[in-house]
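# Understanding the architecture of this molecule
Each chain, written out:
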Amino acid sequence: MGRIMLENVTKRFGDVEVIPPLDLDINDGEFVVFVGPSGCGKSTLLRLIAGLEDTSGGRILIDGKDATDLAPAKRGLAMVFQSYALYPHMSVRKNIAFPMRMAGIPQDEQNRRIEAAAKALNLTAYLDRRPGQLSGGQRQRVAIGRAIVREPSAFLFDEPLSNLDAALRVGMRLEISELHNRLKTTMVYVTHDQVEAMTMADKIVVLQAGRIEQVGSPMELYKAPKNLFVAGFIGSPKMNLLTGAVAAQHGAATIGVRPEHIHVSPTGGAWKGRVGVSEHLGSDTFFYVEDTGLAETITVRAGGDLELYHGDTVWLTPDPARIHRFDDQGLRIA
Amino acid sequence: MSTKASRTAARLMISPAVLLLLGWMIVPLAMTLYFSFLRYNLLMPGMESWAGFENYRYFFTDPAFWPAMRNTLVLVGGVLMITTIGGILVALLLDQPFWGQNIVRLLVLAPFFVMPTVSALVWKNMFMNPVNGIFAYLARVLGLQPYDFLTQAPLASIIGIVSWQWLPFASLILLTALQSLNSEQMEAAEMDGAGPLSRFWFITLPHLARAITVVILIQTIFLLSIFAEILVTTNGGPGTASTNLTFLVYMQSLLQFDVGLGSAGGVVAIILANIVAIFLMRMIGKNLDA
Ligand SMILES: Nc1ncnc2c1ncn2[C@@H]1O[C@H](COP(=O)(O)OP(=O)(O)OP(=O)(O)O)[C@@H](O)[C@H]1O
Ligand SMILES: [Mg+2]
């Protein structure tokens, strides 16, 4: 079981309120991702749940029981840190065994769980090495192994992949998703990489300055962002936000169109512009279109075989069904 | 420094310094060795003659030799024990956030800046003196008999004084090591269910191992040749109760003007220092490997 509820949780460092009163419900077995820009309080929120920081107000309930003042070890949660936080002087085996040793689990049970975790994480060959003799990805797996063997009611991850190179990151992302499918344990995952958020999450929590901007499934956030911040944050490349006359035509203060929802044509369409930078990725091409008179640049996504280059004139046509409208407060108009 | 050329260049560059240091060391060492085989007394200059191992025989059979040997080891061992254990405790305290941290850290360091002779004098006259000392005063306040530290427990008293001098050094080195401990490691251990004592034992202490090794090795070098504190406080007495090897050499060579005997003592001290060094490196030297 791993149901985590935050009720009116606040956090202040001195006079600075990093987390204003906040409510959040994390269901058992859910994969919840916290995203947001740097410094928005993602790590702080995670550390509050872990018990590594004291709350300044509000309650934290784990499986219905008040855990606000419970010591970290008593909450039954396991955490994987960004720096892995392995114990450098212990072998991989001892690292993984450490939480069980502290809990006084019998030796043969310890060995059984270590073997199982090592097998699941491809660490069997490295059990007698020290962390210093492992690669980044292997260290990350050891850290995950150390978390698994405790059989926690929820896993907490704080940007676990940010120290890895791009290829390894994709691999570990899959491994963690797979782990979640297999264990069905609650996972709370902090990242500022929105690809990780979109691909891994059952539920994304978008944070800004400690406030929750929107909670929902990746597709909900993509299809119906509640406000301009979420609209701009979710989706890559970013949604084009247009103000002024075009927006007024749609009865809104701002309209947003995603790059993939704009049709590009060299011959005719709604908005005329000139290609600035173009990024040909093979499968897709991104054009940064200038001189439309609507915004500085409009980003559009086209198929990989559209041959347009710097300086070419293009016409853009937004998909009318996929135009997001926002009022002058930045809130979505339904 | 991995290419052949850069390694050769590096050797060439450091060779003058190495040669100079070597000369600096070898010449006095060779002279000491040479003198130790001479019958050479400053009261009878110009009468030097070859003595073979006679000086060594005298030195070893001196009734003060074995006590001095024992005292040297007890002194080094005692001070090492007190300063490393005490240093760890002080470092742990200083690592806690508290008001006036910087000033307190500076104050803790202060004893290290006091000259050994001065601090020994202060301890002898202001603290341990059985009539005027603070300890005697405290004892009288409590209705106890004042204790004459330097007469009744001379070696222990000197260990106390020297430990007081070296505690700041140990504390400081250990404090910097402590500050380099990754806080996420501590938090991970906390989440793993390790209590404060387990965290100290399994995380902090292994992290400090290298710094502790450095403290022990550096201190040993200096502690083997403790001299001023003994000269100022007990003069090696009562009897030979607080005579260490350095002090014995001093008594032999300078008080009896016997350069040959003193040199033999010096050579013995060097050999002892090397034995201790080998022993220490065997025991804890592996901590220094990365
Ligand atoms: N111990 C602290 N004392 C004072 N302020 C702090 C402390 N820890 C964090 N903060 C502040 O709280 C805010 C949130 O920090 P937090 O580490 O949670 O950000 P984050 O969302 O995890 O950012 P990042 O993506 O860069 O890791 C920041 O403005 C930070 O300066
Ligand atoms: Mg963070």
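Definitions and cut-offs
Residues numbered from 1 in each chain as written. Chains lettered and ligands numbered in written order. Predicted model: local features only at pLDDT ≥ 70, side-chain atom pairs only at ≥ 80, totals over all residues. Heavy atoms only, no water. Core = buried A, V, L, I, M, F, W, Y, C linked by side-chain atoms within 4.5 Å. Buried < 20%, exposed > 50% of the residue type's maximum accessible area, 1.4 Å probe, protein only. Helix = DSSP H or I, 4+ residues; strand = E, 2+ residues; numbered from the N terminus. Contact = heavy atoms within 4.5 Å. UniProt positions renumbered as here; feature names shortened; annotations may be inferred. pLDDT = per-residue confidence, 0-100. Buried area = accessible area lost by both parts, 1.4 Å probe. Salt bridge = Lys/Arg side-chain N within 4 Å of Asp/Glu carboxyl O. Polar contact = N/O pair within 3.5 Å; in protein donor to acceptor, adjacent residues only side chain to side chain.

## Things to note about the nonpolar core
Core analysis: the biggest nonpolar cluster contains 47 residues, and Phe59, Phe65, Val162, Leu174, Leu223 and Leu245 of chain B have the highest contact counts within it. Of all elements in the fold, only α2 (54-61), α3 (65-95), α8 (154-179), α10 (196-223), α12 (245-255) and α13 (259-284) of chain B reach the threshold of two or more residues within this core. Beyond its immediate stretch of four places on either side in the chain, Val162 of chain B contacts Val79, Leu223, Ile226 and Glu229 of chain B. Counting residues in hydrophobic clusters, the runner-up holds 44 residues, among them Val33, Ala143, Phe157 and Leu161 of chain A.

## Some words on unusual backbone geometry
Residue and element names in this part refer to chain A. Residues Ser236 and Pro237 are joined by a peptide bond in cis, for which omega reads -5°. Mapped onto the secondary structure, Pro237 falls in the loop between α8 (228-233) and β11 (240-243). One non-glycine residue, Glu151, lies in positive phi territory at about 50°. By relative accessible area, which is 53% here, Glu151 ends up exposed.

## Comments concerning the UniProt feature "transmembrane region" (unreviewed entry) in chain B
All names here are of chain B. Within the UniProt annotation, "transmembrane region" (unreviewed entry) is assigned to residues 12-37, 73-94, 106-123, 155-178, 208-228 and 259-281. Counting secondary structure, residues 12-37 comes out at 96% helix and 0% strand; the distance between its end C-alpha atoms is 37 Å. Along residues 259-281 the backbone is 100% helical and 0% strand, and the end-to-end C-alpha distance reaches 33 Å.

## Topic: the UniProt feature "domain: ABC transporter" (unreviewed entry) in chain A
Using the residue numbers shown here, the UniProt feature "domain: ABC transporter" (unreviewed entry) corresponds to residues 4-234 of chain A. Secondary structure over residues 4-234 of chain A splits into 37% helix and 26% strand, and the C-alpha atoms at its two ends are 25 Å apart.

## Notes on the confidence of the model for chain B
Low pLDDT means the predicted atomic positions in that stretch should not be read closely. All names here are of chain B. Across chain B, the average pLDDT comes to 87, with 99% of residues at or above 70. The secondary-structure element of chain B with the lowest mean pLDDT is strand β2 (residues 49-50), recorded at 80, while α3 shows the highest, at 92. Per the prediction output, this complex has pTM 0.80; the corresponding ipTM is 0.82.

## With respect to the UniProt feature "domain: ABC transmembrane type-1" (unreviewed entry) in chain B
Mapped onto this numbering, the UniProt entry gives "domain: ABC transmembrane type-1" (unreviewed entry) at residues 69-280 of chain B. Helix makes up 76% of residues 69-280 of chain B and strand 0%, and the two end C-alpha atoms of the span are 17 Å apart.

## Some words on the interface of chain A and chain B
In this complex, chain A contributes 23 residues to the contact, which on the side of chain B involves 15 residues. For the pair chain A and chain B, the summed buried surface comes to about 1600 Å²; carbon and sulfur atoms form 62% of the total. Per-residue buried area on chain A facing chain B is highest for Tyr87, His89 and Met102 of chain A; these three make up 28% of the total on that side. Where chain A meets chain B, there are three salt bridges. Where Arg47 of chain A meets Glu187 of chain B, a salt bridge forms, and the shortest distance between an N and an O atom there is 2.7 Å. Along the contact surface separating chain A from chain B lie seven residue pairs in polar contact (both at pLDDT 80 or more). Where the side of chain A that touches chain B is concerned, the elements lending two or more residues are α1 (42-50), β6 (77-80) and α2 (92-103) of chain A. Top element by residues in the side of chain A that touches chain B is α2 of chain A. It accounts for four residues.

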